[in-house]
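Close look at the chain arrangement
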Amino acid sequence: MSSSPSTDDSGALLGPADIRELATALGVRPTKQRGQNFVIDANTVRRIVRTAEVRPDDVVVEVGPGLGSLTLALLEAADRVTAVEIDDVLAAALPGTVEKRLPARADRFALVHSDAMHVTELPGPAPTALVANLPYNVAVPVLLHMLDQFPSIERTLVMVQAEVADRLAAAPGNKVYGVPSVKANWYAEVKRAGAIGRNVFWPAPNVDSGLVSLVRRDKPIETTATKAEVFAVVDAAFAQRRKTLRAALAGWAGSAAAAEAALVAAGISPQARGEALTVHEFAAIAEQKGATR
């Protein structure tokens, strides 16, 4: 059987003319403030769904659906889709777009009109996957918030600015390894999952985009420290990333000597720098804060 989409089933998806027509009808002009760049290429959204390995039993949450390009492709593949949209006009229009283009699946779609950073619950069954074209200016905080709030999300595929994709997927020792890399790793195994060209968006952004895959860890990181305690060490270590950990963690530990004691107790050189440490090592340091006093 051919794997290429047949013409009859691709009719539900939005093409460039559909996107512009919808935007004109709604009086929508994509804004930089909300990082809006609408995907106008049906092949790209199909590729995203395929790369995300969306299954027929998946409950997918999508953040920032915009005019619905990716939403429709997700609805074709998943059991149900819940979209979280902050924009008043886009949120009001999306259910109608779904009803018009995929009427047989409309009852499988739900819309949450909210800022994703404030979402703590979703209607219907717990989400199993997160697939989204995230607004560039809020991509990392939104991603971390959703992974934290919804532990049922097993698989995530997000499209973000290429630079952000590199940071999220960076390994220790890489020059772009930092706070996003470590915090994403707390929840999941993270890897780059492809590149996206500029010409599939309207308006075309002046940066390249990348796909990042996050598969939630089977077991949480083993540590007696809380997530907040571990993240406090991560934030402190990278706030002054040129400094050794002995110096960078002095404020966190109470003094440079206390930081050194915590590091030695965790089996980490006080002369190391944050970019060399794994999430497990940050957790080991966090465990020492009380113990070394």
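These figures come from a predicted structure and were not determined experimentally.

Now for the pairing of strand 4 (residues 109–113). Across 5 bridges, strand 3 (residues 80–85) lies against strand 4 in parallel orientation. Directly across from Ala83, in strand 4, lies its bridge partner Leu111. A crossover links strand 3 with its parallel partner strand 4, the connecting element being helix 4 (residues 88–101), and its sense is right-handed.

To continue, consider the nonpolar core. If you look at the biggest cluster of nonpolar residues, it comprises 59 residues, and the most contacted ones within it are Leu134, Leu214, Val230, Leu249, Phe282 and Ile285. Beyond its immediate stretch of four places on either side in the chain, Leu214 contacts Leu143, Leu147, Glu154, Arg155, Thr156, Val158, Ala184, Ala188, Glu189 and Val190. Val45, Ala129, Tyr136 and Val200 belong to the second largest nonpolar core, which has 39 residues in total.

Inspection of the entire model under this criterion finds 15 salt bridges. Its salt-bridge partner being Arg46, residue Glu76 comes within 3.1 Å of it at the nearest N-O pair. On the criterion of sequence distance, the pair formed by Glu76 in helix 3 (residues 69–77) and Arg46 in helix 2 (residues 42–51) is long-range, its members being 30 residues apart. For Arg46, a relative accessible area of 16% translates into the label buried. The partner of Arg80 in a salt bridge is Asp79, and the shortest N-O contact between them spans 3.6 Å. Among the ionic contacts, a cluster of salt bridges with common partners joins Arg55, Asp57 and Glu154.

The next point concerns the pairing of strand 6 (residues 155–161). With 7 of 7 residues buried, strand 6 is to be regarded as a mostly interior element. When strand 5 (residues 129–133) meets strand 6, the two strands line up parallel, connected through 5 bridges. When the sheet's bridge partners are listed, Leu130 is paired in strand 6 with Thr156. At this point the chain moves from strand 5, through helix 5 (residues 139–149), to the parallel strand 6, and the crossover so formed is right-handed. Bridging between strand 6 and strand 9 (residues 209–216) involves 7 bridges; their strand directions are antiparallel. When the bridges of strand 9 are listed, Leu157 appears paired with Ser213.

On to the packing of aromatic side chains, then. Evaluation of the coordinates by the stated rule reveals 5 aromatic pairs. Ring-pair connections join several aromatic residues into one group, and the members of that group are Tyr177, Phe238 and Phe282.

It is worth spelling out the environment of Ala266 at this point. On the secondary structure map, Ala266 appears in the loop between helix 11 (256–265) and helix 12 (279–291). Along the chain, Ala266 and Phe282 lie 16 residues apart, while their C-alpha atoms are 9.0 Å from each other. When residues no more than four places from it in sequence are discounted, the contact partners of Ala266 are Ala284, Ile285 and Gln288.

What follows concerns the environment of Leu14. Secondary-structure assignment places Leu14 in the segment before helix 1 (16–26). Take Leu14: its relative accessible area is 2%, and that puts it in the buried class. For Leu14, the residues in contact, after removing those within four places along its chain, are Ile19, Leu22, Ile40, Ala42, Leu67, Gly68, Ser69, Leu72 and Arg101.

The omega torsion across Trp202 and Pro203 is -10 degrees, close enough to zero to call that bond cis. By the secondary structure assignment, Pro203 is in the loop between strand 8 (201–202) and strand 9. Despite not being glycine, Glu53 shows a phi value in the positive range, around 55 degrees. Within the secondary structure layout, Glu53 lies in the loop between helix 2 and strand 2 (59–63).

Glancing now at helix 4. Across its 14 residues, helix 4 extends 21 Å between first and last C-alpha, which sits within 8% of the 20 Å expected from 1.5 Å per residue. The sharpest bend along helix 4 comes to roughly 30 degrees, located at Leu94, with the proline Pro95 sitting one to four residues further on. Those residues of helix 4 lying buried are Leu90, Ala91, Ala93, Leu94, Thr97 and Val98. Elements in contact with the buried residues of helix 4: helix 1, strand 1 (38–39), helix 3, strand 3 and strand 4. A side-chain oxygen of the first residue of helix 4 lies 3.0 Å from the backbone nitrogen of Val89; this N-cap is Asp87.

Calculation criteria
Residues numbered from 1 in each chain as written. Predicted model: local features only at pLDDT ≥ 70, side-chain atom pairs only at ≥ 80, totals over all residues. Heavy atoms only, no water. Pairing = 2+ DSSP bridges. Helix = DSSP H or I, 4+ residues; strand = E, 2+ residues; numbered from the N terminus. Right-handed = clockwise from strand over helix to strand, strands pointing away. Core = buried A, V, L, I, M, F, W, Y, C linked by side-chain atoms within 4.5 Å. Buried < 20%, exposed > 50% of the residue type's maximum accessible area, 1.4 Å probe, protein only. Contact = heavy atoms within 4.5 Å. Salt bridge = Lys/Arg side-chain N within 4 Å of Asp/Glu carboxyl O. Phe/Tyr/Trp six-rings, centres within 6.5 Å; stacked < 30°, edge-to-face > 60°. Expected span 1.5 Å × (residues − 1). Bend = angle between axes of the 7 residues up to and from the residue. Polar contact = N/O pair within 3.5 Å; in protein donor to acceptor, adjacent residues only side chain to side chain.

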